[in-house]
Structure formats: C-alpha cells, structure tokens
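Residues per chain are reported as follows:
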Amino acid sequence: MSNTQNASHDPAESNRDDRSADAVTQTTAGESQEETQTEWTDYEFRGEPKLSVDDLDVYYGDERALQGITMDIPENSVTALIGPSGCGKSTFLRCLNRMNDRIKSASVDGSVELEGEEIYQDGLDLVTLRKRVGMVFQSPNPFPKTIRDNISYGPRKHGDIETGLLARLLGDDSGEREEKLVERCLKQAALWEEVSDRLDDNALGLSGGQQQRLCIARCLAVDPEVILMDEPASALDPIATAKIEDLIEELAEEYTVVVVTHNMQQAARISDQTAVFLTGGELVEFDDTDKIFENPESQRVEDYVTGKFG
Amino acid sequence: MSNSLRTSDSSDIENPTAGDGRSPVLVAGGATLAGALLSFLFVPGVTVFFVLAFLGVAVYGWFVHQEATAKGLMFLATISTALVLVLITAYLFLRSFPAFEQMGLEILYTNGDYWSRGDDRYSLYPAIWGTVLTTILATLVAAPLGVASAIFISEIAPSWAHEIVKPAVETLAGIPSIVYGFIGFTIINGYMMDNFGLTSSGSIVVVGVVVGLMALPTVASVAEDAISSVPDHMKDGAVAIGATEWQTIKSVTLPASFSGISAAVLLGVGRAVGETMAATVILGNVMQLPEPLYNVFGNTVTLTSLIASQYGNAHGLHMQALFAAGVILFLTVMALSITAQLIEARVKQNLGGEL
Amino acid sequence: MSERTLRNQSRDPLAVEYSAALAGLSVVPIATFFAAFVVGGLTLAGQRSLGSTILGIEIETVLTALLFVAGGCLLAISVGSRYGVIETTPDRSAGLGVASGFGFVAFSGIGLAMSQTFGLGRLVWAPLALIGGLTVAGAIVFAREDLGVTVPAGLFSVAIGSLVLFDGLTPAWAWSPAGFGVTFNGTVLIPLLTIVAGLVTAWAAANAFEGFGAAGRQAGAFFLIGANATLILLVLLLLIAFIVKNGFWYAVDGIEIGPGLNFHWPFVMDGYDVVLNQKGIYPAIIGTFWLVVGALVMAVPIGVGAAVFLTEYAEEGRFTSVIDIATNGLWSTPSVVFGLFGYAFLVPRLGNNTSLLAGMIVLGFMLLPLVLITSREAIKSVPDEYRDASAALGVSKWETIKDVTIPSAMPGIVTGIIIGIGRIAGETAPILIVTADNPQRSSAPAIMGSFELTTSPPFIVNEALLSGSSALPYQLYGAITTGVVGDDPGYGWATAFVLLLVVLSFYVIGITTRIYFRKKLQA
Ligand SMILES: Nc1ncnc2c1ncn2[C@@H]1O[C@H](COP(=O)(O)OP(=O)(O)OP(=O)(O)O)[C@@H](O)[C@H]1O
Ligand SMILES: [Mg+2]
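Under an unreviewed UniProt entry, chain C has the name Phosphate transport system permease protein PstA and belongs to Natrinema versiforme JCM 10478. UniProt annotates chain C under Subcellular location (unreviewed entry) with the comment "Cell membrane". Its UniProt record gives chain C the following Sequence similarities (unreviewed entry) comment, quoted word for word: "Belongs to the binding-protein-dependent transport system permease family. CysTW subfamily."

Taking an unreviewed UniProt entry as the reference, chain A is identified by name as Phosphate ABC transporter ATP-binding protein belonging to Natrinema versiforme JCM 10478.

1. Topic: the overall build of chain C
Within chain C one finds 18 helices and 10 strands. Its C-alpha atoms give chain C a radius of gyration of 32 Å, clearly above 24 Å, the size a compact globule of 523 residues would have. Along the longest, intermediate and shortest principal axes, the C-alpha atoms of chain C span 95 × 80 × 55 Å. Per element, the accessible surface of chain C, about 23,000 Å² overall, is 68% carbon and sulfur.

2. Looking at the UniProt feature "domain: ABC transporter" (unreviewed entry) in chain A
The feature "domain: ABC transporter" (unreviewed entry), as annotated in UniProt, sits at residues 51–305 of chain A in this numbering. Across residues 51–305 of chain A one finds 37% helix and 25% strand; the C-alpha atoms that close the span lie 25 Å apart.

3. Examining helix 10 (residues 238–251) of chain A
Residues and elements named next belong to chain A. Over its 14 residues, helix 10 extends 20 Å from the first C-alpha to the last, a length consistent with the 20 Å expected when each residue adds 1.5 Å. Considered for burial, the residues of helix 10 that qualify are Ala240, Thr241, Ile244, Glu245, Leu247, Ile248 and Leu251. Looking down the long axis of helix 10, one finds its buried residues gathered within 165° of arc, a one-sided arrangement. Turned more than 90 degrees from where helix 10 packs its buried face, Pro238 and Ile239 sit exposed. Where the residues of helix 10 are buried, they touch strand 3 (78–82), helix 7 (175–188), helix 9 (208–220), strand 7 (226–230), strand 8 (256–260) and helix 11 (264–270).

4. Things to note about helix 5 (residues 125–156) of chain B
Residues and elements named next belong to chain B. With 32 residues, helix 5 extends 44 Å between its outermost C-alpha atoms, agreeing within 8% with the 46 Å of an ideal straight helix rising 1.5 Å per residue. Of all the bends in helix 5, the largest measures some 25° and sits at threonine 139. Of all the 32 residues making up helix 5, 23 are buried; the element is thus mostly covered by neighbouring parts of the structure.

5. Section: the domain arrangement of chain A
Residues and elements named next belong to chain A. When its domains are assigned, chain A resolves into domain 1 (1–10 + 35–142 + 223–310) and domain 2 (144–205). With 7 residues of domain 1 in contact, the opposing surface of domain 2 contributes 8 residues. Here domain 1 meets domain 2 over a buried area of about 640 Å², counting both sides, of which 54% is carbon and sulfur. Interface area lost by domain 1 to domain 2 is led by Lys131, Pro142 and Leu247, which between them contribute 63%. Where domain 1 packs against domain 2, one counts 1 salt bridge. When residues of the side of domain 1 that touches domain 2 are traced back to their parent elements, those giving at least two are helix 4 (126–132) and helix 10. In terms of residue class, the side of domain 1 that touches domain 2 is made up of 4 nonpolar, no polar and 3 charged.

6. Observations concerning the side chain of Thr146(A)
Residues and elements named next belong to chain A. Inspection of the secondary structure puts threonine 146 in the loop between strand 6 (133–136) and helix 5 (147–157). A polar side-chain atom of threonine 146 sits 3.0 Å from the main-chain amide nitrogen of aspartate 149. Residues within four places of threonine 146 in sequence aside, it is in contact with Leu199, Asp200, Asp201, Asn202 and Ala203.

7. Remarks on the interface of chain B and chain C
Contacts between the two partners involve 102 residues from chain B and, on the opposite side, 101 residues from chain C. Of the roughly 9,100 Å² buried between chain B and chain C, counting both surfaces, carbon and sulfur atoms make up 75%. Counting every contact that joins chain B to chain C gives 2 salt bridges. In this assembly, chain B and chain C are joined by 19 residue pairs in polar contact (both at pLDDT 80 or more). Counting residues per element, the side of chain B that touches chain C draws most heavily on helix 4 (residues 66–103) of chain B, at 19 residues. Per-class residue counts for the side of chain B that touches chain C are 67 nonpolar, 25 polar and 10 charged.

8. Notes on the interface of chain A and chain C
As a measure of interface size, the accessible area lost when the parts come together is often cited. Listed per partner, the contact involves 30 residues of chain A and 20 residues of chain C. Interface of chain A and chain C: buried area, both sides summed, is about 2,400 Å²; carbon and sulfur atoms make up 57% of it. Taken together, the connections running from chain A to chain C amount to 0 salt bridges. Viewed at the interface, chain C and chain A are joined by 0 residue pairs in polar contact (both at pLDDT 80 or more).

9. Section: the site of ligand 1
Residues and elements named next belong to chain A. With respect to spatial proximity, 13 residues lie near ligand 1, and among them Ser85, Lys89, Ser90, Thr91 and His262 are the closest. Cysteine 87 is positioned with one of its backbone polar atoms (N or O) 3.3 Å from an oxygen atom of ligand 1. For ligand 1, an oxygen atom lies 2.6 Å from a polar atom in the side chain of histidine 262. Considered on its own, ligand 1 offers 630 Å² of accessible surface; in the complex 60% of this is hidden by protein. With 3 residues, the single largest contributor to the shell around ligand 1 is helix 3 (residues 89–95). Partitioning the shell around ligand 1 into residue classes produces 4 nonpolar, 7 polar and 2 charged.

Procedures and definitions
- Residues numbered from 1 in each chain as written.
- Chains lettered and ligands numbered in written order.
- Predicted model: local features only at pLDDT ≥ 70, side-chain atom pairs only at ≥ 80, totals over all residues.
- Heavy atoms only, no water.
- UniProt positions renumbered as here; feature names shortened; annotations may be inferred.
- Helix = DSSP H or I, 4+ residues; strand = E, 2+ residues; numbered from the N terminus.
- Rg over C-alpha atoms; globule rule 2.2 N^0.38 Å.
- Areas by Shrake-Rupley, 256 points an atom, 1.4 Å probe, with all protein chains shown as cover.
- Expected span 1.5 Å × (residues − 1).
- Buried < 20%, exposed > 50% of the residue type's maximum accessible area, 1.4 Å probe, protein only.
- Arc of directions from axis to C-beta.
- Contact = heavy atoms within 4.5 Å.
- Bend = angle between axes of the 7 residues up to and from the residue.
- Domains from an automatic or database assignment.
- Buried area = accessible area lost by both parts, 1.4 Å probe.
- Salt bridge = Lys/Arg side-chain N within 4 Å of Asp/Glu carboxyl O.
- Nonpolar A, V, L, I, M, F, W, Y, C, P; charged D, E, K, R; others polar.
- Polar contact = N/O pair within 3.5 Å; in protein donor to acceptor, adjacent residues only side chain to side chain.
- Near = heavy atom within 4 Å.

Structure (structure tokens):
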C-alpha cells in the first residue's frame, strides 16, 4: 500500500476540535463522544482525513440504529467496517453519501464532512455529493442495459458523454471518448479481458462476480473520490472474491475506499484501518487493522474478532 | 415447507378413515350441480330439484367430510368463474350468428346505407368507427395523464401528497359512468353548443374526453403497480452515481416498467372501448359517420351506445345485429385484456430474473 | 494505473449557490400561471366574462398583463443568464424534445395564420410553415439550454399577449374551419391560450429556478407532473362540488323531523307519483339495495371460495393461469355485454321479462372477478410462516385456512368487497337491459313480503323478485331519457347526488378500512 504516512500531522484531534466550534448541531455532544472514544483515542491517524464523521446518530422512525459515531476516514486508503449483523454498518455507509435520504423513515443527526465541507448542510447538491462519493452495493445491481451503457450511464447523466442525434447535430459526438472510458473503467475493474468482445450484450447476462465488477466499473466511470462498498463480495465465490479484493487494494492508490465486510480475514487482508461496530449501533473501536486484529484495546472487540462473540 | 402443504395429503390428518367415503359425495355434488345447470339451460322449471339435491349433498358432506366438501365446493366456485365467461361467449355468439351470416362482411364495413330497419340492413361500420375515434381521444387523455399520475404517486409525491392523490384517483374510478354522462348531457353538451357553435347535442370530442377521464384511474393504478415494482436497489444504483431522481425515473424506472405501463394503457383502452353510459347519454346516437371521418366535433354512435340505445325496440335481425356489436366489443376487450396479461406475466419473469 | 481523463479538475462544490435574482424572476411566471389558471378558468366556465372586471381591471387586460409579465421575466432570465449576470448551470442544448415541441407550435401557428387568416393555399403555407418550424427547432437545438428554454417560452407568451393587446385576437373574433361545423370564439380562445402559455412559461421558469441542467429539467418535469396531479384532484373536487351544489337542496327539500319519532324525508322516502305530487326516489334506493344484496350473495361465496382454492389448493400452473385469464377477462368485459348476456341467458328463463333477480345475478357476475382478484391478492399476502407455523402443530390444512389464513386475509377481502359494492351500485347498462321497467315508479319492490310457498316447483316464489324494478343509476338514466330532467333539472341533480353519496360512501369506507389495516399492520 502506498499510503502517505504523515505522523507529524494529527488531524484526528485537531479536526474534531475545529468542528465542534462551528457545528451547530452538536454543542451538547461532548460527553457521549468521550464515552465512545475512550477505548481508542490513542489511534494514530494516517493521511489526510477525507471524511470526518462527528457524533452521528441515525434513527429509523423511533428506533436508533447508530449512536454517536465519530471517526475520521483517511484519504487514499481502505477502511473496513466490521461488526455483527444488524449493528448498523450499512446504515453508516449510507450516511456517507446520503443514500439514507431515500428511506422515508430514516433521520440523521450529527455531522459528516467531505474534505471539511458539511454534507448535511442546507442547500447541498445531492447529485454532486454522490458524484464525489460513489457506492457499490451488496448484491450486484447493473442496469438492464448493455455493458457499455452501464459504464457510460453516469457520465451521460452528468453531460460528460453525449452520443446520438443531438450530439451529432451539435458536432459533439463523444463516442470515441465513450469507448476509451469504457475500456479504461473495465480494465481498472479487472473485467476488460472477460467482456471486451461483448460490450453490447445485456449486462444481466454476466455472472454475479462479473456483474459486481461491472458495478464497480460503473462507479469508477463518474470518477468519484470516495468509493463506498457494502459487502461487495458477499454474493460471490472465492475466486471472484479474490478478484474483488485485489481490485479494492489497487483502487486505494487513487481513491478512498470504505468497505463493509462480514469476513474478518478479508478485512485483515485488504484494509489499512478497521472500525468495529457492535450491536446497538455503536462504534467500539477504530484503529489500524493490524492493531485491531492483534491487540485490540477493547475486550469486546477481541472477543468479536477471535470469534467468541457476535 | 409451504410447497409440500399445497398437496391435499394433509387433509388425512383429520379424517384418516374418510378416504373412501369422500368420492361418492364429490361425485354426487358434481352431478347434481351439473344437472342444475343443464336443466336451467334447457328446462328451467325443474332446476329447483337439482338445486335442492345439491344443497342436500353439500350439507351432508359438510358434516361428514368437511375438508373434502369445502375443497370440492371451492373447486366448483373456481370452475364456475370460468364457466361464466364460457356462457357469455356462447350466448353472444349464438345470438349474433344470424346477423354475421346474413350481413357477411358488410356488418363490419359498407359504403353508404348503413342501418335501415325497413331493408333489414344493419352494418356496424359507423358504430365501430365511432368507438375507434372516441377510444383514440380517450387514450390521448388517459394514457399520458394516467402514467403521469402513476409516476407522481409512486416516485415523486411526498407522503402527505401520496395520502391525498392515491385515494383521490381511486375515488375518481368510483364515480358512476351515468353521473359523468349526466354532467356531459346537461352541462357540457350545452356548453359546446353555446361556445363552439355545435349544431347538435353531443360530439365525439366530449365523449372522448369524458371517457378518457373515466379510464384514467385504471391506467394510473395499474401503471403505479408496475412502476413501484421496480426494485429499489436498481434505482439506488443510478442515484448512487449522481443521477437525479428524474434521470433515474426516465432512464431506469420507466424502461424497467415499460411493459407494465403498456399493459396499463391497454387496460385503459379496454375500459374506454367498453364504456357505455357516458357515451349513450352524451352522444346523439345517430347511425352516421362524422364528416370528414376525423371530425371530432361531429356526432355519431359507438358500439356500446348503439346497444344501450336500441336494445329496447329491437327484434329479429336488428337484435342480432346488436348482439354482433356485443361480440365485437367482447372480442376487442378480451384481446386487450389477454395481451395485457401476457405482457404482465413477462414483466414478472423479467424482474424476477433481475433480482 | 491508467490515466484518468475525466477527473474533475476542480472539485465541484457541494453546496448549491443560491441566486436571489434567479429565484425571484423564476417564481413570478409560476405565480402568474396560477393566476391565469384561476382567472382564465372562471372565464372559460362562464362564471365571468372577458369584459367584466376583477379588482377594477377588465379581465381581458388582466390576462394580457399576466402573459406579458411571465414572458418578460423569462426573457430577463435569458438575458441575465446569457451575459453571466445570473449564475446558472445550463447544458449545451435544451434537447430535441423541447426543440420539436416549440418547433411544432411555430409550425401550427404559422400554418394557421397563413391558411386561415391570409387564405393562402396549401402549396404556399405548408412549406413556409415547415421552414418556420424547422428554423425555430434548429435555433433551439443549437442554442445553449438556458436560451433554448426561456426564449421560446417567453416569446410564445409575449406573442399571445400582443395578439390580444393589438386586437389580433378579440372576444368577438371567431373562426369556423370549413366543413367541421365548429366555431372557435375569441371568448374561449383568449383564456384558453393564456392558460396554455402560462403552463409553458411556468414549466420554463421551474426549469430556470434550479439553474437549468439536470436539476432544472427535473424541476420542470416535476412541475408538470405535480400540476397534473393537482388537476386530477381539482376535477374530482369540482365534479363532487358541482353535484352537491346542484342536487343537495333539492334532495333535502321538505325534510320534517318530529314530533317524536316521526321523520320524513320526501325525496328519499317517497315514490314518484304525479297524482300525489310526489317526486321521490325511494323505489330506486330500495331497488339498488336489493340488487347489491343479491349480487353479494351470489359473488362473495363463489369469489372467496375460488380465491381460496386457487391460492391454497391449486398448483400454480396451466389451470390457475387459465382461470386467471378468465377472471381478468371478466373484469374487463364491458358492462353492456354483461347486460346482453343477461338478456339472452337469464331473462327467458326467469319469467321472460326483466326482473330484479336477473339484475342480481348479472351484477353478481360482474362483482365476481373483482372479489376473486382482491381476495386472491389478500390471501397471497398472508405470509407463509403463518401457514407453516400452524401446519407444524399438526393442524390440518383446512383448519389452517379457516383459523389462520382467512382471518388474516379478512381486511383485504372486506376492502375488496366494499369497493366492489361501490362499483356495481353505480352500474347502469346491465340493469337497463335486464331489470328496468318504468324508471319513475310510485312504490318500491316489497321483497320481504312477497315470499309465497307453493305446492308445485319451485315451491317458493317471490313475485317482486321476478318483476322489474328501478335502481338509482337507472333512475337517473330514465330521468334523462324520459325528459324529466328537461322539465325539472333539480330532480336529476338530486338523484345524481344521492347516487354519488351511496357509491362514494362505499369507496370512502373501503379505502379508509384499507388504510386503517395497513397502518395497524405496520405498527
Ligand atoms: N429501512 C429500514 N427501516 C427500518 N429499520 C431499518 C432499515 N434499515 C435498517 N434498519 C435497522 O437498522 C439496524 C441496522 O441495520 P443495517 O442494515 O445498517 O445493519 P448491518 O450492520 O448492515 O447488518 P448486516 O450485516 O446484516 O447487513 C437494524 O436493526 C435494522 O433492523
Ligand atoms: Mg448491511
């Protein structure tokens, strides 16, 4: 991994302080923050904080699914989220690009900043946010269109690629650019070899693992900065999983990757740092992956990662 | 688990010894009911004996082998649903056959003299054309507005608006067609004469719009089912890479539900074709073609309004011609309904595959 | 890793910039659209004339002013956006859809003016109009989106305003296309065109409000879809309000309460009797009541039974799909066809005359598919776990159906039946053919009192069941065709009012029950 180690910088602390000064929503959040952090406050932060989450609560109706989550996600690295089923990993992930807005009963309280800019501010442009923070889902969900159209879907919607009658009239046909983009994204997603000769086939004809890599390629095509992945390999066999894992490690050179996984070994293999959520929607420990798996601060986390609990 | 339940073996839990006692009951029940039906068809006077016998068998069966009897009765109920359709088909064809025979193809199309009791000539051409024209107009109203309401209800409306618009569309379906007809007859027809200089009461355009309004709820509710059955994770895929809601609707949701929406439109067309009272009351029901053919301000008759306005004083070939109109209506609507169902079945398969 | 050509050089800011000027300018056309809709609507409905005044201003002037204001705002936006005074994010082009829309408007406008006003022949006007339309469409395609949306919409509005202002289109203006027997009058066209132009400008303004681009197109589309939903609501409310307004007072006229338990509501409790000078619809109400009861007795057991059989016992396969196709076919069968069927099948066998019984059976046949479909849906939606849990306890299948499945499906079944009643209570065509005799009757069918035992089959006879009857929808139809409405319109409105009350009550009850049970399920 090529993360820039930046030991002198300690943005985890300084950032949090800055924020509590100007964030309006969490003037009283101090205590609860302390509680959840005590176990891992000595975590040494690496890299730039790409996303800073501060005292995030999520409710589904009256049910609280996440409580007081605070963490900084460093740039150009893989952050794994692990924890037992139903502890709120997906919920947390969906907060980072505001996909929770689409669930009517969900309400979010707290702050998430993308490079210092609050994403829960009024007048936020959801489209831009989701362009910058892409997402790959647990089960592959390619569009029922051709492989090519799946890749170029995002850029088309953002006006970066135009083909068809109008584009030709305007002398602006970006068919060539589309070809290049499709090839680049498919190569990046390690799918090019397998599908280069059938780009015009329906994407639903691909295997599950191929579909998932296509979804990753589709996400890369809009050139996001952060890629959120919710158990991207859970529906796949070991070989396809290995491909996705390699891919994630490679992506981290250019992107900030946050990945939810149920597979402890997977988290250990691919991630730079790991966040452990436990039942009740609380973040118990967040630290370097090695630390979490070899010598966690919290007994509960140790129990969980060694399989005694969860 | 549930699949294994769908066999009838489990009934033996309750009646382990009843095995051989049940079949005579079922046979007797079936026979008496068939007798009742046949006698009603040919000698209505004696039907009552068969009905009583059937009731007797059913009551006996209920107390002795409840499950088998219930199952048998429900099976009969299922069969009789299909039987109703068979009877309708049979009687319509039976009664209309002489008209088709006598008129030949002229019943569908002829030049000039369409309808004359004196000459016993009954061509349905003007009524067919009237139905086509009103249905086109009605579809132009119902399809876009209905699909737009479906999109509104299932994709766009905030929950408060959803709670208002969805019941409102359903209620619109509840307004009886004669009420629409009454308003058309008393208000709109007069309005058209006063403001558009129409010379006679009733015009195709009014019927088309009113019938379109009546078909709108059908389109809206079937299309809404289709649109909301597009799985969320498919739409999420578009939203998560920064497509707007509208782009997602246009490029993911609507294409994925396209077949269902076409089925909705077809069913709406079926409603419009079969709509009777509004057309009967609003139109002048004159056996003539609009001049020129596409003159929507003209007056004419539709297949439905032809039947409703003339059955009362029709005899012989005249009546049979009305039955022929019924056959054409019935076949058209059946074709639309079956096509819509085939499309919907395909949708289910497709969406099932994509999950 | 390969080079990334598309990386956003400068990171897009997350927050949308808010431009007060843009918001202000684009809200105005939306507001004027609503004003034009209300004023124009009142004029079209004949509530106001173009010459009358609102707040001291002549309506024609009001409409013209609205057109100019809306168009002016859009043109201002276009200038501001073009010269960067107003911050927007337009796409390169407004697209082919917008272009062809406005192109078509231009084509029709030019064509109509040339052929009708100047009387040019087809060979002259058609090419000219085509050139005009294509020019407009082309200009829109090649212009930037902000201009392509606002300029044509603004010009359209201003053009219609100018037509009215400079007397190109006056209330006295009239146009009768040859051979159609129709006249388009200025009194109708002025408000109508104002509303249409208002809608177009409001759409463009909604688009502009979000600064064009993807967000703008979404706003424009959502505006139109929202307007459509509002329109449907409005139509429903107006229909109901209109009938209530015209029918309510006639219907409740002469109600006497007291002394004591004495309560008399003439319209609802009297028959129609010219001699007694009574004009009531009691016989029709009772007729409809019995028709509904009879149809329910027919359809509910058969429909629910078939639904249970199909869902619980039958294997999904050819048999179920044939039945499903038949059921849906029955559901779509036109009511008048049911009527013909009853006329051919039932009437000859039930005493050879129209009868209440025939009506009950035919309406039962019509209700059957509805009950079957809704019950089937309801039974299907009972989770399999319930059945499994019961079966796992060794309970037989039939007991499970009786004690678990049907009770859990009950809300859905009942809702379906209630809404079904609403539908058949308003059916006219079949009753007209198989039940009706004299619509304006003086007495109601006395079903309960007419049962008689006989010694010959069928042992029980009921004279009233075998004779014709009136029914609410048929009463209304009869009032129209026999000319009663012509002499006494209030009678028709009042009948429509009572009919609507009966039918919509069932709908309201049905829909409320469903919402209630759904809420309860969620909680
Ligand atoms: N749409 C929703 N409505 C209501 N409650 C929800 C919704 N989605 C999730 N929840 C609840 O929120 C909690 C957290 O759910 P979430 O899906 O985030 O868990 P998870 O950690 O991703 O679990 P898994 O590992 O099984 O995917 C759970 O208790 C769940 O029941
Ligand atoms: Mg999850």
